[in-house]
Amino acid sequence: MHRHRSAPDNTQELLVTLGRLVDQALENIRIQRARAELGMALQRHMLPAELPEFPGIRIAARYSPSQDGLAVGGDFYDAFAMKDGVAGIAIGDVQGHGVEAAAFMGEARASLRALASVTVDPGEVLACANDLLISLGCDLFTTCCLLSLTPGSGELSIARAGHVPIIWGTDSGDSGVSLDAGGVPLGILPGQQYPVTRRRLIQPGYLVLVTDGVVEGPAYPMDEGLAAVSGLIASADGSDPGELASRVIQVADLTGHEDDAAVLVIRCDGTRGAGPGLSGGP
């Protein structure tokens, strides 16, 4: 004869199994949270604690994490002195999330700083940083926008590696998107060249650099996000760069951003004795 297990025995086994599954789930959550906390700590440590000021130039940044608090991203920004007092300003967005993305972000930022001590040409810096990051053997890549700005003269050089274009505006109310030529993101293809756009800032105003989490999201095209930021800059009316950065980062709430969002606002006093507008270079 076959023995049939009693109902209490079946119930006890079910409860034991459920308890084991709950323990496993809690352990997985604990590990995931620990990784997220490590990633956020890495990210905070690798981003600059404060941004430098240059004559006639003030810089402010804002950062907003993704709506999924565990999805630590690799958005980064930085500002530093290059040769001859030129200001180097960068923003980037590492592909992917987690500890690996945060660590790669630190490598990218350190590479830009090291190379910018050798040349003020942002295209050369991006080309060398691209090859350096590839040589590290990591499977990740990052977009980046790097500009060099000479205090006093307003001479501006821009290079982009697959990144969102710069948005600009003047105190007179003009604004727009600088659709400069660019290259592929850093860390994908060796031996790349990055074209440089040269301009001259001749009026007091702003340059705003963002990551795509600010201007693009589900059912929110990038063109709309760029237009929203452009409108904020046009009406800034000489606001402190920190105040404008706080308003710009709020555009990310419209996008329903699933990614991190970073904003870098550069306030320029302009140059004396020059005509209105933003002049193009050769």
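If you're wondering where the values come from, they're calculated on a predicted model, not measured in any experiment.

The next subject is the confidence of the model for the protein. Per-residue pLDDT for the protein averages 84, and the proportion of residues at 70 or more is 81%. In the model, residues 272–277 has pLDDT below 50 throughout and makes seven contacts with residues more than four positions away in sequence or in other chains.

To continue, consider the environment of Asp121. As for its position among the elements, Asp121 is in the loop between helix H2 (99–116) and helix H3 (122–135). With 39 residues separating them in the primary sequence, Asp121 and Met82 have C-alpha atoms 9.7 Å apart.

Pairing analysis gives four bridges linking strand S6 (residues 166–170) to strand S7 (residues 175–178), with the strands arranged antiparallel. Pairing of Ile167 across the sheet is with Val177, part of S7. With antiparallel pairing between neighbouring strands as the criterion, S6 and S7 make up a hairpin whose turn holds four residues, including Gly173 at a positive phi of roughly 105°.

Moving on, we come to the packing of helix H5 (residues 222–234) against helix H6 (residues 241–249). What describes two packed helices is the angle between their axes and the distance between those same axes. The interhelical angle for the contact between H5 and H6, taken along N-to-C directions, is 155°, at an axis separation of 10 Å. Considering the angle they form, H5 stands roughly antiparallel to H6. Considering the relative orientation of H5 and H6, their crossing is right-handed. Here Val229, Leu232 and Ile233 of H5 come into contact with H6, specifically with Leu244, Arg247 and Val248. Of the residues belonging to the contact of H5 with H6, the class tally is five nonpolar, no polar and one charged.

This brings us to the environment of Ala228. Among the structural elements, Ala228 can be located in helix H5. C-alpha of Ala228 to C-alpha of Val215: the two residues are 13 residues apart in sequence and 8.2 Å apart in space. Leave out the neighbours within four places in its chain, and Ala228 touches Tyr220 and Val251.

The next point concerns the sheet that holds S7. Strand order in the open sheet made by the five strands is S1-S10-S9-S6-S7, with antiparallel pairing throughout. Each of the sheet's edge strands pairs with one partner strand only, and the pair in question is strand S1 (57–64) and S7. When strand polarity is set aside, the average angle formed by the axes of neighbouring strands in this sheet is 20°. When S1 meets strand S10 (residues 261–268), the two strands line up antiparallel, connected through eight bridges. Across the sheet, residue Arg58 finds its bridge partner in S10, namely Arg267.

With that out of the way, let us pick up H2. Taking 1.5 Å of rise per residue, 18 residues should cover 26 Å, and H2 covers 26 Å from first to last C-alpha, within 8% of that figure. Among the residues making up H2, those that are buried are Val99, Ala101, Ala102, Phe104, Met105, Gly106, Ala108, Arg109, Ser111, Leu112, Leu115 and Ala116.

How each quantity is defined
- Residues numbered from 1 in each chain as written.
- Predicted model: local features only at pLDDT ≥ 70, side-chain atom pairs only at ≥ 80, totals over all residues.
- Heavy atoms only, no water.
- pLDDT = per-residue confidence, 0-100.
- Contact = heavy atoms within 4.5 Å.
- Helix = DSSP H or I, 4+ residues; strand = E, 2+ residues; numbered from the N terminus.
- Pairing = 2+ DSSP bridges.
- Axes fitted to C-alpha atoms, helices over the stretch in contact; angles between N-to-C directions.
- Parallel < 35°, antiparallel > 145°, perpendicular 65-115°, else oblique.
- Left-handed = near helix turned anticlockwise from the far one by under 90°.
- Nonpolar A, V, L, I, M, F, W, Y, C, P; charged D, E, K, R; others polar.
- Expected span 1.5 Å × (residues − 1).
- Buried < 20%, exposed > 50% of the residue type's maximum accessible area, 1.4 Å probe, protein only.

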